[in-house]
Amino acid sequence: MKKRWFSALLMGTMILSLAACGGADSSSSKDGSVSEESTESTEEPGEETEELEDVVVVYSTHPEELLETIGDAFTEETGVEVEYINLKGELADRVRSEKDNPQADIMFGGDAATYMQLNGEECFDSANPAWASELSDDYKDADGKWFGTIKTPVMMFYNTEHMSAEEAPSDWSDLANDEYKDKIVTRDSLSSSMRSAITALIYNISQNDSEDAAWDYIQKLDANTKNYYNSGSMMYEAVGKGEAPVSIAVLNDIITNRDKNGLPVEVIDAKSGAIVLTDCIAKIKNAPHPSAADAFLEFAGSAETQAMVANEFSRLPALDSALPDCPEWMQTEYKSMELDWVAIGENQSDWLEKWETDYLDADKAVASDN
C-alpha cells in the first residue's frame, strides 16, 4: 500500500488547488492532493453499514512511524486510505485557522489543555466511540468532543552513578533547593513536555501557596538549572555523562533510555505526584470525510490499538483494559499530581510567555548542530 505523506507546504498548495477546482471530484495524485471520491459500499448482503469515504485526513503531533503503523492497520481493516500531516507545535494553530473551511478530519495528539481551548472555540464535533465509556472523566470531554488515548507522565529522574537515592530529590519542590545548584539539566521551552511541566508546577504551587510563591520557585529552578537542551538525545547524553545528574522527562523516554540504551538512571516517584499529560484525539467540526473520521476515531482509541502502540512505541494507554497486553513496566502505578487542566489551559499562554521572557536564562540554552 502506498502511504501519502504531506508537509505543511504541500498542504498549503493543496488548499489553493482545491479552491481553484471548486467542488469538482478529484482523485489522489503524486503531488499529494486529497481524493474526494467515495468508496463503493462494503455492505454485506442483509447487513446495513455506513458507507465510508475513501480517505481520512489526520493532523497530528505524533511521530510518523507511529502514525504510519496505525494508518496501515486502519487501512487494512477498512480500506480507507489515511493521509497524515505532521504539524508538531503548529497543530492547534492550523486547526484554528481552518475552522471556517476545515481541510482535515481528525486532530490526533497534543495535550488535553490544548483540546479544551479549541473545544471552547467550537473546533470539534461530538463523537461516540464505543471505548469512550471506559475512560475516566479526567480523560475525556463530557460532551464527546475529545478523548484521551495516551497517558504521558512527566517525571523527575537521576543518574544512579552520580547520585544516591538519598541524595536525589524526593519531590518537585526540592529542585529549588540550594543543594541542586548546577545539578539539573532539562529540555528548553520548545519542548511540549517541559512547557506542560512548568505550567503544571505554577498551578500546583499557586493553589497550595500563592502565585508569587510559584514564580519564586520558577526563578530558583532556573538558577539551579545548568543547561537547557533543544534536543532530547543531547539532554540524556548530558545526564549519562554526569554533566548534571537530575532531569525531567516523559516516563516512556526515561524507561527506554534505561532499559534499551543502558543509561544508569532511575525514576523518581514524586511525593506530590507525576505531572500526567493526556494525548488526545478529536473529530474536527464539519470534517470533509465525516464517516471515515468516525471510523478512524473508533479504531485509533480502541484497546487493541492502544496496546499495539504501547508495545511498539512505549506509549502508556489511557484505557485500563489495554494494560494486560502492555509491557510490564506499564503496570507500575505512580501517584498523579492533582491538576485542573481547564484552569491551566486558561493561563497557559500567559504563564509560558512570562517564563520565557522574565525567568528563562537564554545563556544556558544549548542547541544541537543539526
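As shown above, the structure is provided for reference.
Description of the structure in this document. (Residues numbered from 1 in each chain as written. Predicted model: local features only at pLDDT ≥ 70, side-chain atom pairs only at ≥ 80, totals over all residues. Heavy atoms only, no water.)

## Considering the pattern of salt bridges
The line we're drawing: What makes a salt bridge here is a side-chain nitrogen of Lys or Arg within 4 Å of a carboxyl oxygen of Asp or Glu, nothing more. Runs of E in the DSSP output that reach at least two residues are strands. Runs of H or I that reach at least four are helices, and both are numbered from the N terminus. Only protein chains enter the accessibility calculation, which uses a 1.4 Å probe; a residue is then buried when its area is under 20% of its type maximum, exposed when over 50%, and partly exposed in between.
One pass over the structure, following the stated rule, counts 9 salt bridges. In this structure, Asp 93 and Arg 96 form a salt bridge, with 3.1 Å as the shortest nitrogen-oxygen distance. Remark: Arg 96 and Asp 93 occur in helix α3 (residues 91–97); sequence separation between them is 3 residues, near one turn of the helix. Judged by its relative accessible area of 31%, Arg 96 is partly exposed. The residue Asp 259 makes a salt bridge to Arg 258 at a minimum N-O spacing of 2.7 Å. What makes Asp 259 partly exposed here is its relative accessible area of 47%. What emerges from the salt-bridge pattern is a single network uniting Asp 93, Arg 96 and Glu 121.

## Some remarks on helix α11 (residues 341–359)
Threshold: Take the number of residues in a helix, subtract one, and multiply by 1.5 Å to get its expected span. One axis is fitted to the seven residues ending at the residue and one to the seven starting there. The bend at that residue is the angle between these axes. By definition, residues are in contact when any of their heavy atoms lie within 4.5 Å.
The end-to-end C-alpha distance of α11, which contains 19 residues, comes to just 23 Å, noticeably less than the 27 Å that a straight helix rising 1.5 Å per residue would cover. At Asn 347, α11 shows its largest kink, close to 55°. Every buried residue belonging to α11 is among Trp 341, Ala 343, Ile 344, Gly 345, Gln 348, Trp 351, Leu 352, Trp 355 and Tyr 359, and all of these are buried. Each element contacted by the buried residues of α11 is listed here: α4 (112–120), α5 (192–208), α6 (211–224) and β11 (275–284).

## Quick word on the packing of aromatic side chains
Two aromatic rings, taken as a pair, are described by how far apart their centres are and by the angle between their planes. We apply this condition: Note on aromatic contacts: the rings of Phe and Tyr and the six-membered ring of Trp form a pair at centre separations within 6.5 Å, being stacked when their planes are under 30 degrees apart, edge-to-face when over 60 apart, and tilted otherwise.
The full count for this structure, using the stated rule, is 7 aromatic pairs. Ring centres 6.0 Å apart and planes at 80° place the aromatic pair Phe 108 and Phe 296 in the edge-to-face group. One end of the pair, Phe 108, is in strand β4 (residues 106–108); the other, Phe 296, is in helix α9 (residues 290–300), and 188 residues separate them in sequence. Each member of the pair, Phe 108 as well as Phe 296, is classed as buried. Seen from their ring centres, Phe 157 and Tyr 236 are 5.5 Å apart, and the 25° between their planes marks the pair as stacked. Note that Phe 157 is positioned in strand β6 (residues 147–159) and Tyr 236 in helix α7 (residues 232–240), a separation of 79 residues in sequence. Residue Phe 157 shares its accessibility class with Tyr 236, and that shared class is buried. One aromatic cluster is present, formed by Phe 74, Phe 108, Phe 296 and Phe 299 through successive ring pairs.

## Brief notes about a negative patch on the surface
The test is simple: Grouping into patches uses exposed residues only, defined as over 30% relative accessible area, and leaves out salt-bridged ones; the cut-off is 9 Å for like charges and 5 Å for nonpolar side chains (Val, Leu, Ile, Met, Phe, Trp, Tyr). With residues, only the protein chains shown are counted as cover, and all accessible areas are computed by Shrake-Rupley using a 1.4 Å probe. In this tally Asp and Glu are treated as negative and Lys and Arg as positive; neither His nor the chain ends contributes. Charged groups are reduced to one reference atom each: NZ for lysine, CZ for arginine, CG for aspartic acid, CD for glutamic acid.
On the surface, Glu 166, Glu 167, Asp 178 and Glu 179 cluster together to form a negatively charged patch. Assignment of secondary structure puts Glu 167 in the loop between β6 and β7 (184–187). Residue class for Glu 167 comes out partly exposed when judged on its relative accessible area of 46%.

## With respect to the side chain of Thr 152
We apply this condition: Counting of polar contacts relies on pairs of N or O atoms within 3.5 Å, with two restrictions inside protein: one atom must be capable of donating a hydrogen and the other of accepting it, and residues adjacent in sequence are counted only when both atoms are side-chain atoms.
The topology assignment puts Thr 152 in strand β6. Of the polar contacts made by the side chain of Thr 152, one reaches the side chain of Asp 279; its length is 3.1 Å. Ignoring any residue separated from it by four or fewer positions in sequence, one finds Thr 152 in contact with Val 250, Asn 252, Ile 275, Val 276, Leu 277 and Asp 279.

Everything listed here is a matter of coordinates, which is why it stays silent on function.
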